[in-house]
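An overview of the molecular structure
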Amino acid sequence: AQTVTQSQPEMSVQEAETVTLSCTYDTSESNYYLFWYKQPPSRQMILVIRQEAYKQQNATENRFSVNFQKAAKSFSLKISDSQLGDTAMYFCAPNRDDKIIFGKGTRLHILP
Amino acid sequence: GAGVSQSPRYKVAKRGQDVALRCDPISGHVSLFWYQQALGQGPEFLTYFQNEAQLDKSGLPSDRFFAERPEGSVSTLKIQRTQQEDSAVYLCASSDPLAGNYEQYFGPGTRLTVT
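A brief report on the enclosed structure follows. As the structure is a computational prediction, the values presented were derived from the model and not from experiment.

Turning next to the sheet that holds strand β1 (residues 5-7) of chain B. Residue and element names in this part refer to chain B. Read across the open sheet, the four strands follow the order β1-β3-β8-β7; overall the sheet is antiparallel. Two strands close off the open sheet at either side, each with one partner strand: β1 and β7 (65-68). Averaged over neighbouring strand pairs, the angle between their axes works out to 15° when direction is ignored. Taken together, the three bridges between β1 and strand β3 (residues 19-24) define a ladder with antiparallel strand orientation. Its bridge partner being in β3, S5 is matched across the sheet by D24.

Okay, here's the thing in structure tokens:
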């Protein structure tokens, strides 16, 4: 079975700081996608960033970037210049076949 | 539509009652997923449709849970004889397989409380 481990249940950082959320996963697939989803307190889940496993270049979306280490099956999310609106649950999620498998999440608090 | 919608947003049911939760996916999205999210946890896969075909129902926790998508668009998740352990947020997501990236778009969820 595919497993996803997010080792940081909860984190707090000051506004404007940089924070890194860690994720490791287990898969037998050779090609797959990896996602970070954000779920703010209003609970609507939205995509933050996506990485294709066959691409060596790490994905970047504005203040959000990933550090993808395929051999280590590691997929961390870095948030630069954090903002109050980044406060949310963050879920690491690789795909398996047509499905997405979610980790337990990291609750991130951005402090003013 | 502009996004995935779900109704009702909140549902309180007495133990033993049947409930029906509705999901309207993004227009044109052929794939539709249901998840169960317990408080403070990540979403757990329940079932998956491609058009009207239910391709995977391995995550349904018991035979009290039933999902359908008869015309390949709107889907309904039905829970019969609700139990307290069914209390959770039920999330629906849709995706376009032709996009080739497996990205799923989520609805706001239905919070079910069984008393």
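Residue and element names in this part refer to chain A. Following the sequence through the fold, T5 ends up in strand β1 (residues 4-5). Placed 88 residues apart in sequence, T5 and A93 show a C-alpha to C-alpha distance of 9.7 Å. Those residues in contact with T5 that sit more than four places away from it in its chain are S22, C23 and T24.

Let us look at the pattern of salt bridges. Residues and elements named next belong to chain A. Applying the stated criterion across every chain, the model contains eight salt bridges over all chains. In this structure, D26 engages K73 in a salt bridge whose closest nitrogen and oxygen atoms are separated by 3.7 Å. Taken as a pair, D26 in the loop between β4 (24-25) and β5 (33-39) and K73 in the loop between β8 (64-69) and β9 (74-79) lie far apart in primary sequence, 47 residues in all. D26 gets classed as partly exposed once you look at its relative accessible area, which sits at 37%. A salt bridge links R63 to D86, with the nearest nitrogen and oxygen atoms 2.9 Å apart. Of this pair, R63 sits in the loop between β7 (60-61) and β8 while D86 sits in the loop between β9 and β10 (88-96); the two residues are 23 residues apart in sequence, bridging distant segments of the chain. When sorted by exposure, R63 lands in the same class as D86, which is buried.

All names here are of chain A. Applying the stated criterion across every chain yields a total of two disulfides over all chains. The disulfide partner of C23 is C92, and the S-S distance across this bridge is 2.0 Å. The disulfide joining C23 to C92 has a torsion of about -65° about its S-S bond and is therefore left-handed. One end of the pair, C23, is in the loop between β3 (19-21) and β4; the other, C92, is in strand β10, with 69 residues separating them in the sequence. Residue classification places C23 among the buried residues on the basis of a relative accessible area of 2%. Taking relative accessible area as the criterion, C92 reaches 0% and is therefore assigned buried.

Residues and elements named next belong to chain A. One finds L21, W36, F75, L77, Y90 and L108 to be the most contacted residues of the largest nonpolar core, which totals 26 residues. When residues of this core are traced back to their parent elements, those giving at least two are β2 (10-14), β3, β5, β6 (46-52), β8, β9, β10 and β12 (106-111). Excluding anything up to four places from it in sequence, F75 contacts C23, Y25, L34, F35, W36, Q51, V66, N67, F68 and C92.

The next point concerns the interface of chain A and chain B. Each side of the interface is counted separately: chain A has 21 residues, and chain B has 23 residues. Summed over both partners, the interface of chain A with chain B buries about 1,900 Å², with 50% contributed by carbon and sulfur atoms. In terms of surface lost to chain B, no three residues of chain A exceed R43, D98 and K99 of chain A, which account for 32% of the buried area on that side. The interface formed by chain A and chain B contains two salt bridges. Between D56 of chain B and K99 of chain A there is a salt bridge; the shortest N-O distance is 2.8 Å. At the junction of chain A and chain B, the tally comes to seven residue pairs in polar contact (both at pLDDT 80 or more). Of all the elements in the fold, those that place two or more residues in the side of chain A that touches chain B are β5, β6, β10 and β11 (99-100) of chain A. Looking at the side of chain A that touches chain B element by element, the count peaks at four residues for β5 of chain A.

About the thresholds
- Residues numbered from 1 in each chain as written.
- Chains lettered and ligands numbered in written order.
- Predicted model: local features only at pLDDT ≥ 70, side-chain atom pairs only at ≥ 80, totals over all residues.
- Heavy atoms only, no water.
- Pairing = 2+ DSSP bridges.
- Helix = DSSP H or I, 4+ residues; strand = E, 2+ residues; numbered from the N terminus.
- Axes fitted to C-alpha atoms, helices over the stretch in contact; angles between N-to-C directions.
- Contact = heavy atoms within 4.5 Å.
- Salt bridge = Lys/Arg side-chain N within 4 Å of Asp/Glu carboxyl O.
- Buried < 20%, exposed > 50% of the residue type's maximum accessible area, 1.4 Å probe, protein only.
- Disulfide = S-S within 2.5 Å.
- Core = buried A, V, L, I, M, F, W, Y, C linked by side-chain atoms within 4.5 Å.
- Buried area = accessible area lost by both parts, 1.4 Å probe.
- Polar contact = N/O pair within 3.5 Å; in protein donor to acceptor, adjacent residues only side chain to side chain.

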